[in-house]
Amino acid sequence: MKVSLTVNGTRYQRDIEPRMLLVHFLREELGLTGTNIGCDTSQCGACTVHMEGRSLKSCTCLAVQAEGREITTIEGLAQDGALHPMQEAFWEKHGLQCGYCTPGMIMAAAAFLKDHPDPSEREIRHGLEGNLCRCTGYQNIVAAVQEAARQRKGGNS
């Protein structure tokens, strides 16, 4: 079955098995291994990407369901060699430990901030509930999202 989609600004067309999951398409067909496979059952969020700007666990979506859509992976978040503000905040606030959940956390957090530009700590924790960190580094992850929100508002506070 043919599928055609845009990933990180580049249009791709492939002939694939109809049951291929989007996460496998990204990793195996396109070599974009920043999207991790954690649980393969949509519980951990390690595979989170953006589809049309919305957060999506790519292990819950068939690649053919992404036909004609725009997908952004962690590799496509940085622009022109500069880290995305959420990536920068994770770096600054040590929002990563082993790093396995980090791409999914960053993608989920970036999408969350689009809809919640001034979130409380509670809202951040609720917004990231579908993403698990096996190192339990949630405090620094929340601090990173708060920092990204603060930077987005333009400031120091």
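Up top you'll find the structure we're talking about.
Cut-offs applied
- Residues numbered from 1 in each chain as written.
- Predicted model: local features only at pLDDT ≥ 70, side-chain atom pairs only at ≥ 80, totals over all residues.
- Heavy atoms only, no water.
- Axes fitted to C-alpha atoms, helices over the stretch in contact; angles between N-to-C directions.
- Helix = DSSP H or I, 4+ residues; strand = E, 2+ residues; numbered from the N terminus.
- Parallel < 35°, antiparallel > 145°, perpendicular 65-115°, else oblique.
- Left-handed = near helix turned anticlockwise from the far one by under 90°.
- Contact = heavy atoms within 4.5 Å.
- Nonpolar A, V, L, I, M, F, W, Y, C, P; charged D, E, K, R; others polar.
- Phe/Tyr/Trp six-rings, centres within 6.5 Å; stacked < 30°, edge-to-face > 60°.
- Lys NZ or Arg CZ within 6 Å of the ring centre and 35° of its normal.
- Buried < 20%, exposed > 50% of the residue type's maximum accessible area, 1.4 Å probe, protein only.
- Polar contact = N/O pair within 3.5 Å; in protein donor to acceptor, adjacent residues only side chain to side chain.
- Pairing = 2+ DSSP bridges.
- Core = buried A, V, L, I, M, F, W, Y, C linked by side-chain atoms within 4.5 Å.

S.K.: Would you mind going over the packing of helix H4 (residues 102-115) against helix H6 (residues 138-152) with me for this structure?
M.R.: Packed helix pairs are specified by the crossing angle of their axes together with the interaxial distance, meaning the distance between the axes. The interhelical angle for the contact between H4 and H6, taken along N-to-C directions, is 40 degrees, at an axis separation of 11 Å. Viewed along their axes, H4 and H6 adopt a mutual orientation that is oblique. Between H4 and H6 lies a crossing whose hand is right-handed. Where H4 approaches H6, its residues Met105, Ala109, Leu113 and Lys114 are matched on the opposing element by Tyr138, Ile141, Val145, Ala148, Ala149 and Arg152. A breakdown of the residues in the contact of H4 with H6 according to their chemical character gives 8 nonpolar, no polar and 2 charged.

S.K.: How should the packing of aromatic side chains be read in this particular structure?
M.R.: For the structure on display, the rule yields 0 aromatic pairs. Of note, Arg134 hangs over the ring of Tyr100, and the distance from its end group to the ring centre comes to 4.8 Å.

S.K.: Help me understand the side chain of Thr73 in this model?
M.R.: Looking at where Thr73 falls in the secondary structure, it is placed in the loop between strand S5 (70-72) and helix H2 (74-77). Taking the relative accessible area as the measure of exposure, Thr73 reaches 0% and is therefore buried. A distance of 2.7 Å separates the side chain of Thr73 from the side chain of Glu75, its partner in a polar contact. Once residues within four sequence positions are removed from consideration, Thr73 is found in contact with Val7, Asn8, Leu26, Leu32, Thr35, Val49 and Met107.

S.K.: Got a minute to help me understand the sheet that holds S5 in this structure?
M.R.: Think of a sheet as strands paired side by side through backbone hydrogen bonds, with each pair either parallel or antiparallel. The strand order S2-S1-S5-S3-S4 describes an open sheet built from 5 strands, whose pairing is mixed. Strands at the two margins of the open sheet, each flanked by one partner only, are strand S2 (10-15) and strand S4 (54-57). Within the sheet, the average angular offset between the axes of one strand and its neighbour, ignoring direction, is 40 degrees. Along the sheet, H4 makes contact with strand S3 (48-51), S4 and S5, crossing S3 at roughly 40 degrees.

S.K.: Just checking my understanding: could you explain the nonpolar core for this structure?
M.R.: Taken as a class, soluble globular proteins show a tendency for nonpolar side chains to be buried jointly. The biggest cluster of nonpolar side chains holds 23 residues, and the ones touching the most others in it are Met86, Phe90, Met105, Leu113, Leu128, Ile141 and Val145. Of all the secondary structure elements, the ones that give two or more residues to this core are H2, helix H3 (85-92), H4 and H6. Top contributing element to this core by residue count: H4, with 8 residues. Look past the residues within four positions of Ile141 in its chain and what remains in contact with it is Phe90, Gly95, Cys101, Met105, Leu128 and Cys133. Ranked by size, the runner-up nonpolar core spans 17 residues in total, among them Met20, Val49, Met51 and Ile71.

S.K.: I keep staring at unusual backbone geometry and nothing clicks. Help me out?
M.R.: Among all residues except glycine, the phi angle is most often negative; among peptide bonds, the trans geometry is most common. With a phi close to 70 degrees, Ser42 is a non-glycine residue in the positive phi region. Owing to a relative accessible area of 27%, Ser42 belongs among the partly exposed residues under this scheme. At Thr136, a residue that is not glycine, the phi angle is positive and equals roughly 60 degrees. Following the sequence through the fold, Thr136 ends up in the loop between helix H5 (121-127) and H6.

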